[in-house]
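Take a look at the letters that make up each chain.
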Amino acid sequence: MVDVSRRTVLTSGLAAGAIAALSARTANAAPSPAFAPLELTGHDPVDVRWLEGGAPAALAGGATWGVPWPRGALAGDQAFALATAAGEAVPVQSWPTAWWPDGSVKWTAHAVSESAPRAESYRLAPGTPAKGTHAITVQENPGRVVVDTGVVQVEFGRRGDTVVRAIRRGGAVVARDGRLVVQRQDSPDSDRGAKVGFEEFAGTVEKVTVEQSGPVRAVVKVEGRHRRGRRDWLPFVLRFALFAGSDGIRLVHTFFFDGDEEKDFVTGLGVRFTVPMRGELYDRHVRFAGPDGGVLAEAVRGVTGMRRDPGEVVRTAQVEGRALPDPATWDQRVTTRLKWIPAWGDHSLSQLTAHGFEIRKRTGSGHSWVRSDAGTRAPGLGYVGTPSGGLAFGMRDFWQLHPTELEITGAATDEADATVWMWSPRAEAMDLRFYHDGMGQGTYPEQLDALEITYEDYEPGFGTPYGVGRTTELMFWALAATPSAARFAELAAATATPPLPASSPQHNHSAGVFGSWSPADRSTAARSTIEDRLDAIHRYHLEQVDQRSWYGFWDYGDVMHSYDGDRHQWRYDVGGYAWDNSELSTDLWLWYHYLRTGDARAFRFAEAMSRHTGEVDQYHLGEWKGLGTRHGVQHWGDSAKQVRISNANYRRFAYFLTGDERSGDLLRELVDSDRTYLVLNAGRKVDGSTGEYDPDPTALPLSKTTDWGAIAGAWLTEWERGGDPRARERLLASARSIAALPNAWVQAGSTYDLETATFSSGPEKDVEVGSLSSVFGLIEVMTELLDLVDEPEVEARWVEFCRLYNGTKAEQTEATGSDWGSLNLKQSYSRATAYAAARLGDDALAARAWKELATGHAGYPDDMDWGTHQVEPPAVLRAVDEAGFSSNASAQYGLAAIQCLALVGEKLS
């Protein structure tokens, strides 16, 4: 292993001038934070407010969020206390999620229960947490895990096809046999053969891990596969979060596709519970939530609206979900004829598109369905039970992730089944086949020729979905009684948009996290102009999601890449111009926009993108595990499989801001993603590698920019999280080795040694610069890294690269021996110029950065039209807004403007 404490002294070439310029700043620098003594400064209380504002009426069981802290402020094991703004103590559970190099805490996650005092704002401070009325307890033995919230007890099985054995409340079973169901058929609905084979699979538990055990929050992780007979497939990871004093259970459900897309067509993907039905048929209730707080309330055997009236007291009780009085007190013309009133045992709310749902019911299997109602967008919550209790069950992003369904069956029997369908059986079967017969199926030159017209990098065998995943968030409530309409609407709102506490942009910025950014600032006319532009491009893309209906199970969270003005349509069907798949760091832009503004819609936009791009656009199984797929018509269709898309730099925000464990999984998956270069040569078409790929582990073709920047982000995050210490070693070893190359980040012909995580220059001394080199998170990860460590040689070489990218050919030649050619994306690299200006204290460079941003090379110039205009039918299917924006240019302009404001904002005239 490389000795990462070794200091490499550079005295020639690119670094000499930069080291001299930086000497004044670094001469008196403190020792490397990795070895500095821990001297704590403390920290004042931090204000925390609900993201959407106000005090939410209900939580999704509880809430979990992240808060950053300045370096050196608090010990890594610091305890925290939470109180309302009025001073009322709130029980809170806290844990560190990242540390600064000096051992002080950098990020913490916190959890509160829905049973805790509710307020519009809170104060989080170092201190002793208050104890609540209830505390989570967890019991483990070889056969089961039982979590007791003080209100409900949830029993998990360690083996078998029952994930949740029982949910009890007050000693009674509210729901049991929580299980996963998958249905498949062997041909697609679009061209179904004469005979179709159907199968149903059950999720089988293989491993159960208690990740947290209170006192406020418990997390149980369940892993397994779906099985039928001798076949097992579709691996899953489930996380159940339970909160003290709460009857809510949050489930984060992740599954991975490992089937044959030509033969395996999923027709149903769901989670099902069995609910005991103890009451009379007229005391059994069904609820479905509708838009705008609406609720459809039904009884299995309804006594309202009959030809004979049972009485107002009876009717009112049934509508409100309360127990009906003794039938002896009713109008006996109804009582004696109850058996003739149909018992509606099956109910369904199906949301097959983003624009419409339908509710139906039937008396039971073998009978036809009757349409109950319909609407636009359901928030995704149902209920089945009696006045003595029942189960509310639902799904976040229900209509956005269509085709979905909430189904109740058997409510007229002793036991009902309640199923959340993440893929509704009423929809067409899931068809993951490649969308066309293939272009350029011959040699690489033929494939590259096809790319010239469609911008799609197609290669036979590479358009596979094998290994992609999807994560969905579900909620279950074990209720003591049928909820009132108002309470049910509150639970539905919490399911659709789980309330989230958040610290302010000002606090987050003062903590010094996530590199170069600053809160939105309109203190001058020039700043206001840029802020207006940043708001305009963000608002446009956010609103395009709804105008263009960028929804669906596999699509929601992504945006389109480029626009076709002739058709007034995004190029959804044109090769690489379709889905964005994180191209040019759209994820980063959206997260930085939220950090600066604190805007709730900005957070939800970025959160949905992270959930999508981290699962769907990345492989989690198979030989390409850890690689993402370049932009295209299908998220997995392009043959360019790269770490620049699976990029850890895009995932870090969601993890640290929410404490979401699944996001943490995604980051950890990428720690060894440099090993993917043993199985795939990303540059095979460029270098003409037509033979069998037989890589040398000591000389891999891993780039120092797009590839290394993404991998460095994974190492940096793992180091911060206190994971494998090798992550820090490999991060620093690789950075130092790049800085030691004759021309550092622009050195041609370098190769990578997988064992030592170091780069070698090889025989070539030429310069090699790509315009995409730093637009996939490299600038951002280097900014963070150089703020964490004292590595003057690495910093000098990086600052010089930033100065030279948009520099003159003469400057480039003087430093590296040759000019860097005709480079693109100069507006994007204005932030590199700004970084060099800030590090060197160079006013001329700062002025150059603002000129580069304004000129708009390969981006948005100052004099462009920053507005939108509406196009109306019949020119389009429906009225839409158009603008001169694309996701690439918006992301890069956004990042450049944000970082220029943070780095050299005081030089903006």
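The sections below set out a description of the structure shown in this document. (Residues numbered from 1 in each chain as written. Predicted model: local features only at pLDDT ≥ 70, side-chain atom pairs only at ≥ 80, totals over all residues. Heavy atoms only, no water.)

## Quick notes on the packing of helix α8 (residues 586–597) against helix α21 (residues 887–904)
Next, step 1: Taken N-terminus to C-terminus, the directions of α8 and α21 make an angle of 45°; their axes are 9 Å apart at the nearest point. Here α21 runs oblique to α8, going by the angle between their axes. In the crossing of α8 with α21, the sense of the turn from one axis to the other is left-handed. Between α8, through Thr586, Leu588, Trp589, Tyr592, His593 and Arg596, and α21, the contact on the second element is made entirely by Ser887, Ser890, Ala891, Gly894, Leu895, Ile898 and Leu901.
Next, step 2: When grouped by side-chain class, the residues that make up the contact of α8 with α21 number 7 nonpolar, 5 polar and 1 charged. (Axes fitted to C-alpha atoms, helices over the stretch in contact; angles between N-to-C directions. Helix = DSSP H or I, 4+ residues; strand = E, 2+ residues; numbered from the N terminus. Parallel < 35°, antiparallel > 145°, perpendicular 65-115°, else oblique. Left-handed = near helix turned anticlockwise from the far one by under 90°. Contact = heavy atoms within 4.5 Å. Nonpolar A, V, L, I, M, F, W, Y, C, P; charged D, E, K, R; others polar.)

## Focus on the environment of Gln139
Next, step 1: Relative to the assigned elements, Gln139 resides in strand β8 (residues 137–140).
Next, step 2: Judged by its relative accessible area of 53%, Gln139 is exposed.
Next, step 3: Remark: the alpha-carbon pair of Gln139 and Glu155, spanning 16 residues in sequence, is separated by 9.4 Å.
Next, step 4: Dropping the residues within four chain positions of it, Gln139 is found in contact with Arg144, Val145 and Val146. (Buried < 20%, exposed > 50% of the residue type's maximum accessible area, 1.4 Å probe, protein only.)

## Here we look at the sheet that holds strand β4 (residues 89–90)
Next, step 1: Pairing in this open sheet of 5 strands is antiparallel, and the strands run β4-β3-β7-β1-β28 from one edge to the other. Each edge of the open sheet is held by one strand with a lone partner, namely β4 and β28 (501–503).
Next, step 2: Bridge count between strand β3 (residues 80–84) and strand β7 (residues 121–126): 5 bridges; the pairing is antiparallel. Each residue of the ladder has a partner; that of Phe80, found in β7, is Pro126. (Pairing = 2+ DSSP bridges.)

## Here's the deal with helix α18 (residues 809–816)
Next, step 1: All of the buried residues along α18 are Gln812, Ala815 and Thr816. Projected down its long axis, α18 shows its buried positions confined to an angular sector of 75°, all on one face. Those residues of α18 that are exposed and aimed more than 90 degrees away from the buried face are Ala810 and Glu814.
Next, step 2: Buried residues along α18 sit in contact with α17 (792–805).
Next, step 3: With its phi angle positive at about 95°, Gly817 sits one or two positions after the end of α18. (Arc of directions from axis to C-beta.)

## What about the side chain of Thr335?
Next, step 1: By secondary structure assignment, the location of Thr335 is in helix α3 (residues 332–335).
Next, step 2: Residues contacting Thr335, with those up to four places away along its chain left out, are Pro327 and Trp330.

## Some thoughts on the nonpolar core
What tends to happen in soluble globular proteins is that the nonpolar side chains get buried as a cluster.
Next, step 1: Core analysis: the largest hydrophobic core is formed by 226 residues, its most contacted members being Phe240, Phe476, Trp554, Trp708, Trp745, Met782 and Trp798.
Next, step 2: Ranked by residue count, the leading element in this core is α21, at 11 residues.
Next, step 3: Leaving out residues up to four positions away in the same chain, Trp798 has contacts with Trp745, Ser774, Leu778, Ile779, Met782, Leu786 and Tyr835. (Core = buried A, V, L, I, M, F, W, Y, C linked by side-chain atoms within 4.5 Å.)

## Description of the packing of aromatic side chains
Next, step 1: Evaluation of the coordinates by the stated rule reveals 45 aromatic pairs.
Next, step 2: Each ring, one from Trp233 and one from Phe257, has its centre 6.2 Å from the other, and the planes form 70°; the classification is edge-to-face. Within this pair, whereas Trp233 is found in strand β15 (residues 231–243), its partner Phe257 is found in the loop between β16 (248–256) and β17 (265–276), the two being separated by 24 residues in sequence.
Next, step 3: Using a relative accessible area of 1% as the deciding quantity, one classes Trp233 as buried.
Next, step 4: The interplanar angle of 85° and the centroid separation of 5.0 Å between the aromatic rings of Phe553 and Trp554 together place this pair among those described as edge-to-face.
Next, step 5: Over the aromatic face of Trp100 sits the side chain of Lys106, whose NZ or CZ is 4.4 Å from the ring centroid. (Phe/Tyr/Trp six-rings, centres within 6.5 Å; stacked < 30°, edge-to-face > 60°. Lys NZ or Arg CZ within 6 Å of the ring centre and 35° of its normal.)

## Some points on the pattern of salt bridges
Next, step 1: Throughout the structure, instances matching the rule amount to 69 salt bridges.
Next, step 2: For Arg362, the salt bridge identified is with Asp346, shortest N-O distance 2.8 Å. Separated by 16 residues along the polypeptide, Arg362 in strand β21 (residues 356–362) and Asp346 in strand β20 (residues 346–353) bring together distant segments of the chain. Each member of the pair, Arg362 together with Asp346, is buried.
Next, step 3: Between Arg736 and Glu791 there is a salt bridge whose closest N-O contact spans 2.4 Å. (Salt bridge = Lys/Arg side-chain N within 4 Å of Asp/Glu carboxyl O.)

## Considering the environment of Val633
Next, step 1: Tracing the backbone through its elements, the reader meets Val633 in the loop between β31 (628–629) and β32 (641–642).
Next, step 2: We classify Val633 as buried; its relative accessible area is 15%.
Next, step 3: In sequence terms Val633 and Tyr572 are 61 residues apart; their C-alpha atoms lie 6.2 Å from each other.

## Overview of the packing of helix α16 (residues 778–788) against helix α19 (residues 830–840)
Next, step 1: Put simply, α16 and α19 touch, their axes get as near as 11 Å, and they point 15° apart. In terms of axis orientation, α16 runs roughly parallel to α19. Crossing of α16 against α19: the hand is left-handed. In this structure, α16 uses Ile779, Glu780, Met782, Thr783, Leu786 and Asp787 to contact α19, whose residues at the interface are Arg831, Ala832, Tyr835 and Arg839.

## Considerations on the pairing of strand β2 (residues 62–68)
Next, step 1: Of all 7 residues that make up β2, 7 are buried, and the element is covered over most of its length.
Next, step 2: Judged by which residues are buried, β2 turns out to be covered on both faces: Gly62, Thr64, Gly66 and Pro68 on one side and Ala63, Trp65 and Val67 on the other are all buried.
Next, step 3: Pairing of β2 with strand β6 (residues 105–113) involves 7 bridges; the strand directions are antiparallel. Bridge assignment links Ala63 to a residue of β6, and that residue is Val112.

## Focus: empty space enclosed by the protein
Next, step 1: Throughout the structure, instances matching the rule amount to 10 cavities of 30 Å³ or more.
Next, step 2: Estimated volume of the largest cavity: approximately 370 Å³.
Next, step 3: Surrounding the largest cavity, 24 residues form its lining, Arg250, Glu473, Glu607, Thr658 and Asp660 being those nearest its centre.
Next, step 4: Of all elements in the fold, only β2, β15, α9 (600–615), α11 (652–658) and α12 (661–669) reach the threshold of two or more residues within the lining of the largest cavity.
Next, step 5: It is α9 that provides the largest number of residues to the lining of the largest cavity, a total of 4 residues.
Next, step 6: Class assignment of the residues belonging to the lining of the largest cavity gives a composition of 9 nonpolar, 6 polar and 9 charged. (1 Å grid on protein atoms, 1.4 Å probe; cavity = no way out; pocket = protein on both sides within 12 Å on 5 of 7 lines; lining within 4 Å. Points joined across faces, edges and corners; volume = space filled by probe spheres on them.)

## Structural notes on the sheet that holds β6
Next, step 1: Across the sheet, 3 strands lie side by side as β2-β6-β5; this open sheet has antiparallel pairing. In the strand order of this sheet, the two ends are held by β2 and β5 (93–99), each with one partner. For this sheet, the mean inter-axis angle between neighbouring strands, taken without regard to orientation, is 20°.

## What to know about unusual backbone geometry
Next, step 1: The residue after Gly214, namely Pro215, is reached through a cis peptide bond having omega 15°.
Next, step 2: Structurally, Pro215 is set in the loop between β13 (198–213) and β14 (217–228).
Next, step 3: Cis geometry is found at the peptide bond from Pro873 to Pro874, where omega equals 10°.
Next, step 4: Secondary-structure assignment places Pro874 in the loop between β35 (869–871) and β36 (880–882).
Next, step 5: Of note, the phi angle at Leu234 is positive, near 50°, even though the residue is not glycine.

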